[in-house]
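Read off the chains here:
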Amino acid sequence: MKEFQTILIQRAESVALVTINRPDKLNALNSICLKELDEIITELQNESGIRCIIITGSGEKAFIAGADIAEMHAFNEESAISYSLYGQSVFNKISNSRKPIIAAINGFALGGGSELAWSCHLRVASENAMFGQPEILLGLIPGFAGTQRLPRLLPRAVALELLLTGARFSAATAHKYGLVNYCVPQGEVLAKARELASAIAAQPAEIVALLLKAFSWVDENSLSDGQLMESQLFGKCFLTKDCKEGMSAFLEKRKPNFTHS
Ligand code: CO8
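The paragraphs below set out a description of the structure included in this document. Just so we're clear, the structure is a prediction, and the values are computed from it rather than from any experiment.

1. Here we look at the site of the ligand
By nearness alone, 25 residues border the ligand, and Lys25, Lys61, Ala67, Ile69 and Gly112 come closest of all. Between the ligand and the protein, one listed contact pairs an oxygen atom with a backbone N or O atom of glycine 112 at 2.8 Å. When isolated, the ligand has an accessible area of 1100 Å², and the protein chains bury 68% of it. Among the secondary structure elements, those contributing two or more residues to the shell around the ligand are helix H2 (69–72), helix H3 (77–95), strand E6 (108–110) and helix H4 (112–119). Ranked by residue count, the leading element in the shell around the ligand is H3, at 3 residues. Among the residues forming the shell around the ligand, the class breakdown is 13 nonpolar, 5 polar and 7 charged.

In structure tokens, the structure reads:
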């Protein structure tokens, strides 16, 4: 298996743990890191033994403290656009993943770090996590879709205030806004993310993929188009073995034995 420079990968019980590993730079995302994240997400899509993915940051202090400012400092307009487009494509790969991806946010999640968290399907934060889109304070706007995803997750005025002021906000506030599913004591974030991942990994994988596909259309389509697409995907459930197994098990008053096929 491929060795990565900036990413650690552990696989256990159908769950892959991807750790952004630049603790001396608070896991800031540089171009190597982004490319490796791109590669590992693609690789994990194709691993039949993996049914859920967790992304976290190395150490107790940071999830990801943003895009690497030292690297961005040398950008011009062209390279900035191209890096932004590439980052967006990697984060889209995360949000369009057919396997659920959980962000385990264990500290600072700033700028690109927040944007990565917003692109995950579910988010678990530790009480010491600190969020924010501080790009404005650096003379920037978000480039990894923060201007687009945050207003889809929050009331618009709240999102705009956060983007305009660059204010940091705590995990408790993120939880109050509904931005994170859970806010847990420091040190327990991975355990909670694993608990959630195990519960999801136990579900029939093909059906989970269909569900994520249906869910991903919420932002892009009208209710009536979304309903049409849902019907198509509902039909596809009946092409899987697990669909028959799930309903047979109910009728036979036994637990389903899903084979993820
Ligand atoms: N980029 C590069 N290096 C970083 C970053 C970063 N985002 N964050 C921290 N570091 C480095 C520091 O430079 C320092 O390195 P060194 O020891 O070599 O000087 C090391 O990590 C430790 O950081 P601090 O000493 O600053 O630690 P503190 O505990 O004092 O502070 C903070 C922690 C508050 C998190 C502080 O480091 C900070 O403010 N970091 C920057 C946060 C930020 O502004 N993030 C947003 C960046 S912009 C962005 O993400 C845009 C995304 C879209 C890009 C689109 C591309 C075109």
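2. Some details on the packing of H4 against helix H5 (residues 146–153)
Packing of H4 against H5 leaves a shortest axis separation of 10 Å and a crossing angle of 55°. When the interaxial angle is binned, H4 and H5 end up oblique. The element H4 and its partner H5 pack so that their crossing is left-handed. Across from Glu115, Trp118 and Ser119 in H4, the residues of H5 making contact are Gly146, Arg149, Leu150 and Leu153. By residue class, the composition of the contact of H4 with H5 is 3 nonpolar, 2 polar and 2 charged.

3. Some remarks on helix H8 (residues 189–201)
Across its 13 residues, H8 extends 18 Å between first and last C-alpha, which sits within 8% of the 18 Å expected from 1.5 Å per residue. Buried within H8 are the following residues: Val189, Lys192, Ala193, Leu196, Ala197, Ile200 and Ala201. On its buried face, H8 sits against strand E2 (15–20), strand E3 (52–57), strand E5 (101–105), strand E7 (122–126), strand E10 (182–184) and helix H9 (205–216).

4. Considering the sheet that holds E2
Taken in spatial order, the 6 strands of this open sheet run E1-E2-E3-E5-E7-E10, and their pairing is mixed. Lying at the two open borders of the sheet, with one neighbouring strand each, are strand E1 (7–12) and E10. Adjacent strand axes in the sheet meet at a mean angle of 20°, parallel and antiparallel pairs treated alike. Both E7 and E10 contribute to a ladder of 3 bridges, which runs parallel. Residue serine 126 lies in a different strand from E10, and its bridge partner there is valine 184. Together, E1, E2, E3 and E5 form the strand contacts of helix H1 (residues 31–45), whose direction differs from that of E1 by roughly 20°.

Cut-offs applied
Residues numbered from 1 in each chain as written. Predicted model: local features only at pLDDT ≥ 70, side-chain atom pairs only at ≥ 80, totals over all residues. Heavy atoms only, no water. Near = heavy atom within 4 Å. Polar contact = N/O pair within 3.5 Å; in protein donor to acceptor, adjacent residues only side chain to side chain. Areas by Shrake-Rupley, 256 points an atom, 1.4 Å probe, with all protein chains shown as cover. Helix = DSSP H or I, 4+ residues; strand = E, 2+ residues; numbered from the N terminus. Nonpolar A, V, L, I, M, F, W, Y, C, P; charged D, E, K, R; others polar. Axes fitted to C-alpha atoms, helices over the stretch in contact; angles between N-to-C directions. Parallel < 35°, antiparallel > 145°, perpendicular 65-115°, else oblique. Left-handed = near helix turned anticlockwise from the far one by under 90°. Contact = heavy atoms within 4.5 Å. Expected span 1.5 Å × (residues − 1). Buried < 20%, exposed > 50% of the residue type's maximum accessible area, 1.4 Å probe, protein only. Pairing = 2+ DSSP bridges.

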